[in-house]
Each structure stands twice: as C-alpha cells, then as structure tokens.
Amino acid sequence: MLPKQYSSAETEQNWYAHWMRHGYFRSVPDDREPFTVVIPPPNVTGVLHMGHMLNNTIQDILVRKARMEGKNACWVPGTDHASIATEAKVVAMLREKGIRKADITREEFLEHAFAWKDKYGGIILEQLKTLGASCDWDRTRFTMEPKLSAAVVRVFVDLYKKGKLYRAHRMVNWDVEAKTVLSNEEVVYHEEQAQLFHVLYRLEGSETEGIVIATQRPETIFADVAVAVNPSDERYAHLVGKRVRIPLIDRPVPVIADDYVDQAFGTGALKITPAHDQNDYAIGQRFGLEVIDVLNEDGTLNEHAVLPELIGKDRFVARKMMKGLLDASGTLVKLEDYRTNIGRSERTNTVVEPRLSLQWFVDMNTLAKQALDAVEGGEVKFYPDHYRNMYRHWMSNIRDWCVSRQLWWGQRIPAWYYGEHVFVEETAEVALESARKATGNPALQISDLRQEEDVVDTWFSSWLWPISVFDGFENEKEVAYYYPTSVLVTGWDIIFFWVARMIMAGYEWRGERPFEHVYFTGMVRDQYRRKMSKSLGNSPDSMELLHKYGADGVRFGLLSSSPAGGDLVFDAPFDKATKQIINESALCEQGRNFCNKLWNALRLVKGWTVSEDLPVPAANLYAVRWFEESLERRIAEQHELFAEYRLSEALKSLYTFIWDDFCSWYLEMVKPDYEQPIDAATYAATLRFFERSMQLLHPFMPFVTEEIWHRLRERREGDDCIVSRYPAAADFDKAFLYQGDIAKDLVAKVREARNNHQLKPRDPLMLVAKDSPSARSFFAIEGLRETIQKLAFLEKLEISDAEPQGTSFVAGTEKYFLAFEKAVDAEAEKEKLLKELEHARSFVASVQAKLSNEKFVGSAPAAVADNERKKLSDGQARLAILEEMLNKY
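Residues numbered from 1 in each chain as written. Predicted model: local features only at pLDDT ≥ 70, side-chain atom pairs only at ≥ 80, totals over all residues. Heavy atoms only, no water.

1. Structural notes on the overall build of the protein chain
Part 1 of the argument: Each helix and strand in the protein chain was counted, giving 27 helices and 33 strands.
Part 2 of the argument: Its C-alpha atoms put the protein chain at 115 × 65 × 55 Å along the principal axes.
Part 3 of the argument: The buried share among the 889 residues of the protein chain stands at 54%.
Part 4 of the argument: Summed over all atoms, the accessible surface of the protein chain reaches about 39,100 Å², with 49% contributed by carbon and sulfur.
Part 5 of the argument: Both charge centroids of the protein chain, one from 111 positive and one from 133 negative side chains, sit 1 Å from each other. (Helix = DSSP H or I, 4+ residues; strand = E, 2+ residues; numbered from the N terminus. Buried < 20%, exposed > 50% of the residue type's maximum accessible area, 1.4 Å probe, protein only. Areas by Shrake-Rupley, 256 points an atom, 1.4 Å probe, with all protein chains shown as cover. Lys, Arg positive; Asp, Glu negative; His and termini not counted. Charge placed at Lys NZ, Arg CZ, Asp CG, Glu CD.)

2. What to know about helix H17 (residues 586-606)
Part 1 of the argument: The terminal C-alpha atoms of H17 lie 30 Å apart, and with 21 residues this matches the ideal 30 Å at 1.5 Å per residue to within 8%.
Part 2 of the argument: Within H17 the residues assigned to the buried category are Leu587, Cys588, Gly591, Phe594, Cys595, Leu598, Trp599, Ala601, Leu602 and Val605. Across the axial projection of H17, the buried residues extend over an arc of 155°, all falling on one side. (Expected span 1.5 Å × (residues − 1). Arc of directions from axis to C-beta.)

3. Comments concerning the pattern of salt bridges
Part 1 of the argument: A complete count under the given rule lists 64 salt bridges for this structure.
Part 2 of the argument: For Lys147, the salt bridge goes to Glu474, with nearest N and O atoms at 3.7 Å. Placement of the pair is Lys147 in helix H6 (residues 146-161) and Glu474 in the loop between helix H13 (465-468) and helix H14 (476-482), with a sequence separation of 327 residues.
Part 3 of the argument: Taking relative accessible area as the criterion, Lys147 reaches 42% and is therefore assigned partly exposed.
Part 4 of the argument: Overall, Glu474 belongs to the exposed group, its relative accessible area being 53%.
Part 5 of the argument: Put simply, Arg711 and Glu707 hold a salt bridge, and the shortest N to O gap is 2.9 Å. Of the two residues, Arg711 and Glu707 both sit in helix H21 (residues 702-712), four residues apart, roughly one turn of that helix. (Salt bridge = Lys/Arg side-chain N within 4 Å of Asp/Glu carboxyl O.)

4. Brief notes about the nonpolar core
Part 1 of the argument: Core analysis: the biggest nonpolar cluster contains 183 residues, and Phe460, Trp463 and Tyr666 have the highest contact counts within it.
Part 2 of the argument: Not counting residues within four places of it along the chain, the set of residues in contact with Tyr666 comprises Ala623, Val624, Trp626, Phe627, Asp661, Thr682, Ala685, Thr686 and Phe689.
Part 3 of the argument: Counting residues in each nonpolar core, the second largest holds 38 residues, with Ile213, Val225, Val261 and Leu307 among its members. (Core = buried A, V, L, I, M, F, W, Y, C linked by side-chain atoms within 4.5 Å. Contact = heavy atoms within 4.5 Å.)

5. Re unusual backbone geometry
Part 1 of the argument: A cis amide bond, omega -5°, links Tyr383 with the succeeding residue Pro384.
Part 2 of the argument: One non-glycine residue with positive phi stands out, namely Lys179, at about 60°.
Part 3 of the argument: You can call Lys179 partly exposed: its relative accessible area is 33%.

6. Some words on the packing of H17 against H21
Axis angle and axis distance: for two packed helices, these are the angle between their axes and the distance between the axes, and together they describe the pair.
Part 1 of the argument: Between H17 and H21, the shortest axis-to-axis distance is 11 Å and the interhelical angle comes to 0°. With respect to each other, H17 and H21 are oriented roughly parallel. Residues Cys595, Leu598, Trp599, Leu602 and Lys606 of H17 form the contact with H21, whose own contacting residues are Val704, Glu707, Ile708, Arg711 and Leu712.
Part 2 of the argument: Split into classes, the residues belonging to the contact of H17 with H21 amount to seven nonpolar, no polar and three charged. (Axes fitted to C-alpha atoms, helices over the stretch in contact; angles between N-to-C directions. Parallel < 35°, antiparallel > 145°, perpendicular 65-115°, else oblique. Nonpolar A, V, L, I, M, F, W, Y, C, P; charged D, E, K, R; others polar.)

7. Focus: the sheet that holds strand S23 (residues 515-521)
Part 1 of the argument: One open sheet accounts for three strands, arranged S15-S23-S22; its pairing is parallel. What marks the edges here is a single partner per strand, and that holds for strand S15 (381-383) and strand S22 (485-491). Each strand of the sheet is rotated relative to its neighbour by a mean of 20°, with strand direction disregarded.
Part 2 of the argument: Note: S22 against S23, six bridges, orientation parallel. Directly across from Val487, in S23, lies its bridge partner His517. (Pairing = 2+ DSSP bridges.)

8. Structural notes on the environment of Tyr24
Part 1 of the argument: Residue placement: Tyr24 occurs in the loop between helix H1 (8-21) and strand S1 (34-38).
Part 2 of the argument: With a relative accessible area of 13%, Tyr24 lands in the buried category.
Part 3 of the argument: Once residues lying within four places of it in the same chain are set aside, the contact partners of Tyr24 are His18, Trp19, Arg67, Gly718, Asp720, Ile722 and Val723.

9. Here's the deal with the side chain of Ser461
Part 1 of the argument: With respect to the helices and strands, the residue Ser461 is situated in helix H12 (residues 458-462).
Part 2 of the argument: A polar contact is formed between the side chain of Ser461 and the backbone oxygen of Thr458, at a distance of 2.6 Å.
Part 3 of the argument: Look past the residues within four positions of Ser461 in its chain and what remains in contact with it is Asp80, His81, Thr143, Val152 and Gln411. (Polar contact = N/O pair within 3.5 Å; in protein donor to acceptor, adjacent residues only side chain to side chain.)

10. Regarding the packing of aromatic side chains
Part 1 of the argument: Applying the stated criterion across every chain yields a total of 44 aromatic pairs.
Part 2 of the argument: Centroid distance Trp459 to Phe497: 5.0 Å. Interplanar angle 10°. Geometry classified as stacked. Here Trp459 is found in helix H12, whereas its partner Phe497 is found in helix H15 (residues 495-509), with 38 residues between them in sequence.
Part 3 of the argument: Seen from the ring of Trp19, Arg64 lies directly overhead, with NZ or CZ sitting 4.5 Å from the centre.
Part 4 of the argument: In this arrangement the basic side chain of Arg501 is found over the ring face of Trp401, its NZ or CZ atom lying 3.9 Å from the centre. (Phe/Tyr/Trp six-rings, centres within 6.5 Å; stacked < 30°, edge-to-face > 60°. Lys NZ or Arg CZ within 6 Å of the ring centre and 35° of its normal.)

11. Thoughts on the environment of Leu746
Part 1 of the argument: Considering the arrangement of structural elements, one finds Leu746 in helix H22 (residues 734-756).
Part 2 of the argument: Through-space distance from the C-alpha of Leu746 to that of Tyr816 is 8.8 Å; in sequence the pair is 70 residues apart.

12. Structural notes on the sheet that holds strand S6 (residues 180-182)
In a beta sheet, neighbouring strands pair by backbone hydrogen bonds and run either parallel or antiparallel.
Part 1 of the argument: Strand order in the open sheet made by the four strands is S6-S5-S14-S16, with antiparallel pairing throughout. The two strands at the open ends of the sheet, each matched to only one other strand, are S6 and strand S16 (401-402).
Part 2 of the argument: With two bridges joining them, strand S14 (residues 353-362) and S16 adopt antiparallel strand pairing. Within S16, the position partnered with Val362 by the bridge is Trp401.

13. Here's the deal with the pairing of S14
Part 1 of the argument: With seven of 10 residues buried, S14 is to be regarded as a mostly interior element.
Part 2 of the argument: Of the pairings in the sheet, the one linking strand S5 (residues 165-175) to S14 comprises 10 bridges and is antiparallel in character. In the strand pairing of S14, Leu165 is matched with Val362.

14. Some thoughts on a nonpolar patch on the surface
Part 1 of the argument: A contiguous nonpolar patch, built from Val47, Tyr120 and Ile123 and spanning about 230 Å² of accessible area, is present on the exposed surface.
Part 2 of the argument: Among the structural elements, Tyr120 can be located in helix H4 (residues 106-120). (Patch = residues over 30% accessible without salt bridge, like charges linked within 9 Å, V, L, I, M, F, W, Y side chains within 5 Å.)

15. Structural notes on the pairing of strand S30 (residues 765-770)
Sheet faces and side chains relate simply in a regular strand, where the side chains alternate between the two faces.
Part 1 of the argument: Sheet topology note: the S30/strand S31 (residues 794-800) ladder contains six bridges and is parallel. The partner of Leu765 across the bridge, within S31, is Leu794.
Part 2 of the argument: In this sheet, strand S33 (residues 814-819) lies alongside S30 in antiparallel orientation, the contact comprising four bridges. Along S33, the bridge assignment pairs Ala769 with Tyr816.

16. Some details on the packing of helix H16 (residues 542-560) against H17
Part 1 of the argument: In the contact formed by H16 and H17, the axes pass within 7 Å of each other and the chain directions differ by 120°. By the angle between their axes, H16 is oblique relative to H17. Regarding H16 and H17, the two cross each other, and that crossing is right-handed. Packed against H16, whose contacting residues are Lys548, Tyr549, Asp552, Gly553, Val554, Phe556, Gly557 and Ser560, the element H17 presents Leu587, Cys588, Glu589, Gln590, Gly591, Arg592, Phe594 and Cys595 at the interface. (Left-handed = near helix turned anticlockwise from the far one by under 90°.)

17. A few points about the environment of Val317
Part 1 of the argument: Along the polypeptide, Val317 turns up in helix H8 (residues 315-329).
Part 2 of the argument: When its relative accessible area of 39% is taken as the criterion, Val317 is described as partly exposed.
Part 3 of the argument: Note: C-alpha distance between Val317 and Val76 (241 residues apart in sequence) is 48 Å.

18. Concerning the side chain of Lys164
Part 1 of the argument: For Lys164, the position within the fold is in the loop between H6 and S5.
Part 2 of the argument: Aside from chain neighbours lying at most four places away, what touches Lys164 is Leu159, Phe361, Val362, Asp363, Thr366, Leu367 and Glu508.

19. Some words on the state of the cysteines
Part 1 of the argument: Following the criterion strictly, the structure yields zero disulfides and no others.
Part 2 of the argument: Lacking any disulfide linkage, Cys721 is separated from the closest cysteine sulfur, that of Cys595, by 13 Å. (Disulfide = S-S within 2.5 Å.)

Structure follows, in structure tokens:
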C-alpha cells in the first residue's frame, strides 16, 4: 500500500545509502568510455552555500546522465587547503587559546592547522551528499596531502630549471591583514568614497611659492622622493629641475618631468613614492630615484614616518591624524570628496597596499600562447561561447604570476639559500649536493642551508588538479585513462584564477588539454540582483532549504532559474527593512510540488485493477501511440539540449512534458471509468512510459525518480534507475504529433466553450466538424474520435455540413459547432472571433517574416523550412475560416 504523502527525508536517506552500498559512484579504469569530472575543490574551511549547490547540481546531472549512458562516470571530489583563509582561521583559533603565531615554531603551527583541518575540514563534502552528489568518495583528494604536495614541488622545480620561474624584486599587492602578497586576480576593485588632500609642497627657499599636490594617501608623503609634472604643462615648466620641500619634515625632493602625469587629474602634479605605487615605481626606475618604504607589513607606519606621534600607528589612523598636522603646518590647501576604485583583498577584504618585495614569479608569457590557441581553435570549448572574449582579453594582456605567499599553511617553496647561492630542488638532500658542487665545499651540511620561508599560492596547487587527482606525475595508467577530463563546471569569476592556468598546466605537463568542455555557471543573486552572501543576509541557509524542500525540490528550484552561463536570480524574497528572507524559494516549493505530483500519478496508476481479458479500447490505442511519439520527441530534444549544456531548458521541458502531457493528458486518456479495470496492454505501456519518463528526469531529480522506479514494479537486485539505460533518441512521426496538438486544442476549445456558456463540464453534448477532406482525414486516425469524445465528454461527434444551434470555433484548420439549446450572446461571440482573428493574423505575419528572411531559408535544414511553410499554409487556412465566420455577425 502506497503512503498518501511522499516523504523526501526518508526517501533520500535510504536511496543514497543504497547507492553507496552498491558502489555505483565508484570508478576504476576499464574498457568503457570514460566520462570524467573533477570538482572545483571548495575551501577546506567552507560550508555549503547557494553557489556550491548550483555548481555541484549541474555536475551531478551530467555525471548521472553519463553513467546511465553506459560510460565509466568518474566524478572526483576534494577540497582546497585555501592558504590565506585557513591560516587566518587557525591564527584566530590559537589567539582564543592565548597562543600567538609568532611565539610558536612553523612545525607547531602546522600541527595545530592539520588538527583544525581534521576536525572542521571537509564538512562541505558531507553536505554535498545531502544534495545527492554522486561523487566517487573513495577518490576524495586534498590539495595538501603528500602526493599532491609532491606534485607541486616537482612542478616548481621543473619550471625553475626551464627558466620559466624566477625570483625578483617587484611591486606586488600586499594584504596587511594576512601579511602576504596577493596576485592581481585576488584584488577586487569597487568604487568607494574617498578624500583628496590638496597639499602645498613649498619651493626650496620660498615660503609662498610651490606646487599643490592632490593625494588620497597623505600618510605616505614621508616616502616621497620627487614631484612629477607633465613636460608639456606650462604651469610648472619653470619649476622643473628645482626642488620642493616635503610638508612636515622639510626634506627637499626634485621636481621632474614625465609624460605619465595626467595634466587634467587633480592639480596636474604627482608626488612620487616608488615604494607605494606601481606607476611611481616605474617613474622612479626611469629617473634612478631612491625607494623609501614607510609602511610595516601590518600596515602601520615605520620609523621613516619621522614624526614620533605617527610611528606605529595604523595607516588609516595616521591618515586622519595627517589632516590636523598638515592643517597646523599651513600646507593643507583643501579637502575634496570624490569616488574612486579601491582595491581590496578577495580573502580578507582589507584595502590592498602596493609594496616593493622580493617574490617568486612564473613567466606567464611562456605558457599562455598554447593555452590561448587551444580555446581560440576550439580544442577546449566554452559554454556559453561568449566567455572566449573574456579569456582572450586576459590571455593577450597576461602578466607574470606572483606565486609566493608569506604564510606557513601551504606547500613550502623548495628553494634553499647559502650565501648568495639559490638552489631550487625537490628535496633538501638534493639541494645540499647542488650546494656542495657549486661551492666546492664537500663539508656543507643541510643545517648550513636556509630553506625559503614562503609557501606557494594556493592556485599553484589547484592548477594541477585534473592531473594530480589521478597521481598523474607518478601513475600513468590512471591519468592516461581519465585524462583529459570531459567537462569542467565552474563559475566565470575564476576563469583567470583557475581555468586558464589549468589549461596552461595541461599543455605544459601532459601535452594536451585538461578538459574538452568548460561550462560556466552564473552568480546566484537575489531578487535585487545582488550576489547572495551571509553578510547581506540575503542567502538562504542551504541545509535548511534541503531539509524543508528535499534535495529534489532544491535541485529543481536552482536549475529551473539558471540560464546557461547567466546569473541565477534565485527567488528568495528579501525584506530590506528587517534584512530577513521572507520566503526561501517559490521555485523550490514548485520542485517539491512536482515530487508530490509524480507521487500522486504513481498512486493513481498503481490503484488501477488490471484485466488480462479486456480488449484495448480504441481511445487507448490512440493514447498509447500519441504518447509514444511524444516521448520520442522529448527524448530527442533532451539529447540536443544536453549537448549544448542548456540544462535549465532541459529540466523545464521535462517538467512541462511530465506534468501536462503525461499526467494531465495521457493518464486522463487511458484512465478507466470509476471502479472499472484497465486492459493489460495499456497498463503495461503506461508503466513503460512512466519508467522512461523517470529515466529522463533522474539526472535532475534522482531520489523521487529512484523511489518511483522501484514502486512501479518488482525489481531484481541491482535493477536500479541510477544504472538503467538512458533512453536513446529515435525517429518520431512529426505529422502525427501535429495532429495530436490539434486534438488537444480541440478538447481545450470544447472545455472553454462549456465554461463561457455556463455548461456543466460533463453534460453530454454533440460536436459537429464542418465537412471537408482534411476533417475526414483527421478523424480517420485510429482512436482519435473516441479520445476526443472521452476527454471532452461528448455524447456524439459528427462530420457534417449542418450548423446546429450553439457556438462555433476553429481548431487547427477546421470549423466546429458545439450544439446546445441555450441562447448565445452574439456580441460576445463576435468579440471572441475578433481576438482569435487578431492572433491568427499576427501568427501568419510572423511566419511570413521568417520565410522572407533569406538568411533563415538559406541556412535552415530543409525539414525546418518545410515545417514553417506548412505552418504558414495552415495559418492562412485558419485565417480564412475565421474571416468567413466573422462575416456572419
């Protein structure tokens, strides 16, 4: 006996455990075609949020479909050690215990970090199981596990020995909170409110003459080494070559002329601070200027600030103090409010400081060309394709990658120093041998060498992910089978951080692409198009959503609102006043309702009594044929949509098909009369249709489909929906389906007429079709007449030239009369015909426009063009009938 209600919680838990017991997610190399997906590894510190749910639902859909197609589906899960974020959490945890990082050794810190990771890391992977993710959990990897770390070290050494990695003093982006360098891509710019300080730099020897400088960062004036003006700026031509005095400290600096200076910005004069600005550094190099760094690594001012009251103060505190100091000195001319782009650390959100620093860099120009050609030439395909433009722009303007980070959590850079010598080797022992040879000193010991303190950027490990998860630097059998992977599903916001670099790594160490396709998801946004985040309070709790609506409901809600590559506007109504979510998601509720609809359809079908002796009614013969053809059409469409990664459209199409075509039309067509049995042939066909529909839906909504699959009939062990064969596309009868659409329209028109004329839904009425060759051909289709009579509750359906009293309408290209004795409102009938006529004219005009387009006619397949011509012919015939009917009023 089937329960009245579908229970998602119990069902999901039971089936996930069942799938795990049977090892359906496990993959080992065999003779099948591999379908490989590697998860974009979430931070080990992370918990499941809306973006994760969208991304991993899409991956699961693709993997489940591939598994059902008989491919060896391998979805590799794992987590990223997330150097900056994780170290920050461990430092905070130690601080709560009264332990400062500075007071413990590196080894002790790493012990705490790994203990923290073992306790809290990987929570997100367990949460993904609740979502239904069918990853091969036995393959779970972590970017700092020994084998993956060894791969990072090997690659670092390899690039160095190839001359593609080097160490140099460069201007870098400095995170004063994390106390580490950031790559350019880890700096996020937003327009913010700021102030320009207009400050007078007095000419040496004068108390009145000088140059007014506009600066946003007055706390850095102590590091000024020059004032620059444009050589063509007549305002300052007489001052070039002279010296001005830095306010507050009166240190003289030269006035120089450089074309970089924008005459129109501020006062047209720049203070040159090479240690604190990329462009100032370049100017300083051209003029051979001194470099003075006034900031400590934590963003406080150092002894170069000169004034005791400023030394040790935070940069922003010092900035506020500078206002009073400059004002008191008579050098603050004015303050000006303005908006400007401020760069903040993606990890800590602190304002980034430019800083001159000795760091390790990868020469990206040596790696970029082949990776760019791979995408431009289609060897790696992007979906949607327009992201190629973004990729091309970045790759064509690529800058060297700073890969060193001033942290302890991460892979330590394999470089050892002895005096002026640098030895980059995979182990300390090999570095020692190199040092002995280079110095001619065989007595050197490892303790004489000093290893680099920095670790590599987290992305330096994850760019190897498609190779390293298969131990590709040591296990050729595994990587040769699974690599290149099939598709990468990721957000477009890391196209530079990760996607481009993985492509480079693939060609550098495997000589081929790392994946065939890249599907870019959009950002998950709220109804005001803001990115969902906990800080804004506009992001639903992912686990609460799953518990409330079930995994299938949430997956439906996410996918049905997710256009290919576009941002997902997740309908979680948000109250700006209270900053609370009013209703988590109407779409998730729709998904839950869909599960209930499927369950009720199952209860209906399983409640029928089956008779082996009953002949198949004519209406059922038609219904079975119609749904068979409809199903084949939908299967073909699903294959086409999957091929283009139009997964949202695929799900919405299936939803409409199952809810309308199967539940609302087909089941009504074949449903036996009350307490009457159904014939065995129709029942068998109905079970088959239900099963195939569940197979199509399974990748999207795996739990409810598996439950229904097993409830439909007795199954042997291992006969599970998850490993059943995904329906293959086959030919279908388009002409027959076109007639079926007309039949549905005819039934709908009869129901509409009953409603318009206040006739009871089941009153037996007669329908007359205007006699014509096409009408006779239409009703000659086996079982069609009986089906229409059953669905429209018609006592009689005739083909005749008679025009009985009642109402008339057009369905397809035929005129019909629904007979009844009740008086008809002529004006209402005329108004109805006018609306139909307007619609028919609009339809004909749209088809004519398409057929008059030479580009469409020339490029469209013959079958498509012929179908449009058929639509035009039928539309014109319908138009003529409506005009004829209207002439009678």
